[in-house]
Structures are given as C-alpha cells and as structure tokens.
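Coordinates in review
In case you want the letters, here they are:
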Amino acid sequence: MSLVINTNISSLMAQNNLTKSQSALSSATQRLSSGLKINSAADNAAGFAISQRYTTQIGGLTQASANASDAINLAQTAGSALDQVTSNLQAIRDLAVQSANGTYTATDRASIDQEVQQRLAEITRIANQTTFNGSNVLDGSMKTKSFQIGASVGQTISVSLGTSVKASAMGQVAEVNTGNIIGFKVTAGSLTVGGTSVATGTYSSAGSLAAAINTAAGTSVASVDTNGEIKITGAAGGTTLAGAGATALGLAGTVASGATLDSTGAAAATSALPNFGAEGLSINGTAISTTGVTSLQGLSDAINAAGISGVSAAVNGNGNGINFYSSGALNVGDTGGNVINTNATDANTGALYTVATSASNGGSLATGNVQTVDSANDLISRVDVALQTVSNFAAQLGAVQNRFQSTISTVAAQTTNLQASQSTIQDADFAAETANMSKANVLQQAGISVLAQANSNPQQVLKLLQ
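All residue numbers here refer to positions counted from 1 along the written sequence of the relevant chain. Local features in a predicted model are, by the rule used here, given only for residues with pLDDT of at least 70; side-chain atom pairs are given and counted only at 80 or more, and totals for whole chains, interfaces and linings are based on all residues. Excluded from the side-chain calculations are hydrogens and water; all other atoms, namely the structure's heavy atoms, are used.

To keep things clear, this is the line we draw: UniProt positions are given in the numbering used here, feature names are shortened, and annotations may be inferred rather than shown by experiment.
The name recorded for the protein chain in an unreviewed UniProt entry is Flagellin, from Dyella halodurans. The Function (unreviewed entry) field of the UniProt record for the protein chain holds the comment "Flagellin is the subunit protein which polymerizes to form the filaments of bacterial flagella." Looking at the Sequence similarities (unreviewed entry) heading of the UniProt record, one finds this comment for the protein chain: "Belongs to the bacterial flagellin family."

Digging into the overall build of the protein chain
In plain terms, the rule: Numbering goes from the N terminus for both helices and strands, where a helix is a DSSP run of H or I of at least four residues and a strand is a run of E of at least two. Computation of the radius of gyration draws on C-alpha atoms, with the globule rule given as 2.2 Å multiplied by the number of residues to the power 0.38. When checking whether two residues touch, look at their non-hydrogen atoms; a contact exists if any pair is within 4.5 Å. Reported accessibility uses the Shrake-Rupley method at a 1.4 Å probe radius. Residues are deemed covered only where the shown protein chains occlude them. When charges are counted, neither His nor the chain ends are considered; positive counts come from Lys and Arg and negative counts from Asp and Glu. Charge positions come from single atoms, namely NZ of Lys, CZ of Arg, CG of Asp or CD of Glu.
From N to C terminus, the protein chain includes nine helices and 21 strands. For the protein chain, the C-alpha radius of gyration of 47 Å lies well beyond 23 Å, the compact-globule estimate for 466 residues. Residue pairs at least 24 apart in sequence account for 62% of intrachain contacts in the protein chain once pairs closer than 6 positions are excluded. Counting every atom, the protein chain has about 22900 Å² of accessible surface; 51% of that belongs to carbon and sulfur. Taken as two groups, the 17 positive and 23 negative side-chain charges of the protein chain have centres that lie 23 Å from each other.

A word on the side chain of D139
Here is the rule we go by: To sort residues, take the accessible area from a 1.4 Å probe on protein chains only and compare it with the maximum for the residue type: under 20% means buried, over 50% means exposed, and anything in between is partly exposed. A side-chain nitrogen of Lys or Arg and a carboxyl oxygen of Asp or Glu constitute a salt bridge if their distance falls within 4 Å. For this analysis, a polar contact is any N or O atom pair within 3.5 Å, provided that within protein one partner can donate a hydrogen and the other can accept it, and provided that sequence-adjacent residues contribute only side-chain to side-chain pairs.
Mapped onto the secondary structure, D139 falls in the loop between strand 2 (135-136) and strand 3 (143-148). The side chain of D139 is buried and forms no salt bridge, while K166, the nearest opposite charge, is found at 5.6 Å. In terms of polar contacts, D139 uses its side chain to reach the side chain of N136, at 3.0 Å. Polar contacts involving the side chain of D139 include one to the side chain of S141, which spans 2.7 Å. Aside from chain neighbours lying at most four places away, what touches D139 is A127, N128, T163 and S164.

A word on unusual backbone geometry
For residues besides glycine, phi is generally negative; the peptide bonds are generally trans as well. The backbone phi angle of N133 is positive, close to 55°, even though this residue is not glycine. Tracing the sequence through the fold places N133 in the loop between strand 1 (131-132) and strand 2. The exposure class of N133 is exposed, given its relative accessible area of 76%. In this model, K143 sits at a positive phi of 50°, which is unusual for a non-glycine residue.

What to know about the sheet that holds strand 11 (residues 230-233)
The condition is simple: Here a strand pair is declared whenever DSSP counts at least two bridges between the two strands. Here the axes come from fitting lines to C-alpha atoms, over the contacting stretch only for helices, and the angles between their N-to-C directions go from 0 to 180 degrees.
Strand order in the open sheet made by the three strands is 10-11-14, with antiparallel pairing throughout. Strand pairing shows two members of the sheet lacking a second neighbour, strand 10 (222-224) and strand 14 (260-262), which therefore form its edges. The sheet shows a mean angle of 25° between the axes of neighbouring strands, taken without regard to direction. Looking at chain direction, strand 10 and strand 11 are connected through three bridges and run antiparallel. The residue bridging S223 from the neighbouring strand is K231, located in strand 11.

Things to note about the nonpolar core
The criterion, for reference: For this analysis, a nonpolar core means a set of buried residues of the types Ala, Val, Leu, Ile, Met, Phe, Trp, Tyr and Cys, connected via side-chain atoms within 4.5 Å.
Ranked by internal contacts, the top residues of the largest apolar core, which has 44 residues, are L89, L138, V165, M170, L365 and F404. Counting residues per element, the ones that place at least two in this core are helix 2 (45-99), helix 3 (106-129), strand 4 (156-161) and helix 7 (373-426). A per-element tally of this core places helix 2 first, with 13 residues. Counting residues in hydrophobic clusters, the runner-up holds 26 residues, among them F276, L281, I283 and V339.

Regarding helix 1 (residues 9-34)
The line we're drawing: In this scheme, a helix's expected span is set at 1.5 Å multiplied by one less than its residue total.
Across its 26 residues, helix 1 extends 38 Å between first and last C-alpha, which sits within 8% of the 38 Å expected from 1.5 Å per residue. Within helix 1, burial applies to S11, A14, L18, S21, L25, A28, R31 and L32. At its buried positions, helix 1 is contacted by helix 8 (430-456). Looking one or two places after helix 1, you find G35, whose phi comes out positive at around 80°.

Thoughts on the sheet that holds strand 13 (residues 253-255)
The strand order across the open sheet formed by four strands is 8-7-12-13, and the pairing between neighbours is antiparallel. Two strands close off the open sheet at either side, each with one partner strand: strand 8 (196-197) and strand 13. With two bridges joining them, strand 7 (residues 192-193) and strand 12 (residues 239-242) adopt antiparallel strand pairing. Paired with T192 across the two strands is A242, which belongs to strand 12.

Focus: the pattern of salt bridges
Where side chains of opposite charge bring their charged atoms close, a pairing between them can arise. According to the stated counting rule, one finds four salt bridges in the structure shown. Salt-bridge contacts for E115 lead to R119; the nearest nitrogen and oxygen are separated by 3.0 Å. Of this pair, E115 and R119 both sit in helix 3, separated by four residues, roughly a single helical turn.

Describing the UniProt feature "domain: Flagellin N-terminal" (unreviewed entry) in the protein chain
Taken from the UniProt record, the annotation "domain: Flagellin N-terminal" (unreviewed entry) applies to residues 5-141. Between the end C-alpha atoms of residues 5-141 there is a gap of 92 Å, over a span that is 77% helix and 3% strand.

Some thoughts on the UniProt feature "domain: Flagellin C-terminal" (unreviewed entry) in the protein chain
The sites that carry the UniProt feature "domain: Flagellin C-terminal" (unreviewed entry) are, in the present numbering, residues 381-465. With 92% helix and 0% strand, the stretch residues 381-465 has end C-alpha atoms that lie 126 Å from each other.

Considering the packing of helix 1 against helix 8
Note the threshold: Should an angle fall under 35 degrees it is called roughly parallel, over 145 degrees roughly antiparallel, and 65 to 115 degrees roughly perpendicular, with every other angle called oblique. Crossings are sorted by hand: turned counterclockwise from the far helix by less than a right angle, the near helix makes the crossing left-handed, and turned clockwise it makes it right-handed.
Between helix 1 and helix 8, the least distance of the axes is 8 Å, while the angle of their chain directions is 155°. Of the possible angle classes, the one that applies to helix 1 and helix 8 is roughly antiparallel. Pair helix 1 / helix 8 crosses with left-handed handedness.

As for the environment of V193
Along the chain, V193 falls in strand 7. Sequence separation of V193 and L330 is 137 residues, and the distance between their C-alpha atoms is 42 Å. When sequence neighbours within four positions are dropped, the list of residues in contact with V193 reads V198, I213, A216, A217, T239, T240 and L241.

Quick look at the structure:
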C-alpha cells in the first residue's frame, strides 16, 4: 500500500463509520427518551400512518365512552324525577279510592280534594322543572335524541324522550255514562191520571213514563225537568194523579190548572230494574254475560269480570246507572236497549252516546277531582292510565341505561385492543434500545480512537524525508 498525504483513506473510512455509530446512538437516545420507536414519519412511514389512524380511533372511542356516560346521567336524572311522579300518582289514587267511599260527605270530599289538587300541581312542576344541561327532560320537548357512542359517523343510539308527564298530558280515557237506567214499574191501577190508568209495564226513563202519562191524560201534562225528574203541569180544571205509583213519585193528588209539581228523588228507590238476563250487552266486541244479573252492582261486576283489556265499570254516584271507563277504545253494544238508552252520554264531550259507536278518548289528570263519587272513580281510571304511561317511560329509560352501560364496556375493550396494536407499532422496546445505545457508545468511542490513529498515519512520511 502506498504512502500518501493528500488522501487519507483510513481516516475517511473511520469518519464514515463514526458517523454511522453517532447516528445509531442518537436514534437509540431519542427512542429511550421519548419511549417511542417512531418519532417521525422518517422512522417508519407506513407504521407512522397506521399509528395515526389508531390515534384517531382511540380518541373517538374515548369520547364516545364519555358520551354514553352523559346519556346514562341524563336517563338517571329523568328516572329519579319519575320516581317522585309515581309516588304522587299513587298518593292521588289512594285519596280517590278514599273519596269514592259512601261514608264521606261533600265537605269531607272537598277536604280530600285539596291534597289531590296540590299533588297534581306537584306532578306538573316536576315535569316542567326537571332539566339536564338546560333542557327539560319530562315535558316532552326533547322528543327523540341521538347519542354518539362510536368513533365514526352514524354510530349512534336514538332514545325517545318525547313523553310528557305533566298532569295535562296524562290520563286520557274514554268514558260513557249511562245516566238513569232504572225503570219505573207500573202495574194495573198503580198510576192513574184523572181516573185513567197509565199503561202497565216498566218504563226505562223519565221521558217514556211522562209520555205514557200524557197518553192516559189525553193531553200534555207531564214533562221532564232539567234534573231528569217528571214535572206535572195542571191542565184546565186541574190534573189528579193517584195510586201507589203516584205516591212513590211524590205526585199523588191534584195539581191545579197552570200549577206545577215535580216528582221527588224517591222515584229511584221505588223503581224497577230492567230484565238484564237477555240484554245483549257487549264492549269492544266482547259479549258480557248478564245471566242472573239482578242489580246494578251485579251488572258492574259482570262487566269487570269479562276481563276486557283497559275496561272497567262502576255504579254511578246516584246509584241509578253505570259508568264505563277505558284506557283505549270504548264501544258499547246493547241490543236490549236497557243499559244504553237516551240518557247515555260521552263524558268527554257531553254529547249523547249512541249505542255501538266509539266513545272519544280524552280529558286528563289536570281537570280531575274527588268531590263526588263519580269524579273520584273517574280520577282512579285516569291515574291508572297515567301510572302506565310513567312506568313505561321509566322502563324505557332503565333499559337504555343498560344499553349505554354495555356500550361503555364494548368501547373500553375496543380502545384497549387498539392501544395494544398501536403500542406494538410505535412504542420503543427498552431492552433492545438500551442494547443498541450501549453498542453505539462503544463503537463511537472505538471510532474516535481509530480516527485519531488514522489521522496520525501520514506523519510516517516524515521519517522518509529525514
């Protein structure tokens, strides 16, 4: 090998190797100090791109888990408030059952009603003032909300929050009141007008009996007043009514010409029930067995025993008719015409109810009261519907909480697996990197020594010049 001065090949080779060892040492030091195998795209272009996608997914899933937790908190807020609504509804129902008892006076019922009205107002207050992040959750205004529970577009759970639990929004029922269905039984000679007997038979209404009295009198002397009772207006020369039937009605005696006399409320107590045995009564297409029914209570019991979904019945407060209640459809058929007659009304509209038609579904808790037996029974039926509404809403919220909890668990597992994959790509292996750093350190020190030696080689030429 020739000795030269201008080009020191050994020195150049030593410098190149020293540069490599310095680069390896720098890389090992950077990885150990950052904990990352990939600190820039230059370290591993493909790995860097994959790692960034993982970072995006992990961040989205972490936020999705937080979103699901928020949804659970919203559902729990609404659920806690619904517990209080349910408590108030149960208390209102208990008070209505108490008021429906015949031992209470109108004054007693008015006192009971004061608490009922306060609890109804409290239900509406809860519905109007229960909020989550500034939004009302129980007044129906939230409608349907979507909750983002994944890292990508469209990964959502939709929850219906459009149920309102205000008193004015719950308790819609269909209701038909038969009015007075107790007929007045006239036997031979039991009711006469001016000595003429009124036709025998059982009259199903005050109107039909008034018409029979007019027929017997030969002129219009009987009518029905605003209270549903018979009113006699004396004809010329006076009108005389006699017989046990007249006495029962409180009409016995002579009514002077132009004078009037109303029957008394005692008529119901001495009246006769129609023969319900072959009535042909049906509700929503289901036949009601009336065989052996001899009282209004028996008729009410027969209706309730039929087990028609959502339908119930009760004897009215006057004890002379039946009130029908339904949480859904209500269509009363009556081929006999003794239960649904010209006195029957649709309670929600106040209009006359026609047999075999659908009664309107309406009203609400807001107008409910317990000041009479009938209004107490009406409120009981409406509270039952409201309790079903609230329990269905609460059940939905409970179910969706479980769904969100399941989502959180699933998202956590996904996040863990993605982090494991990302770690494999980008995290530094400290055992390997410390070995690389030690190797680079030794090589650098050796390289520096060798470079120093190579740099001194040209000085050997000087000995040749001596």
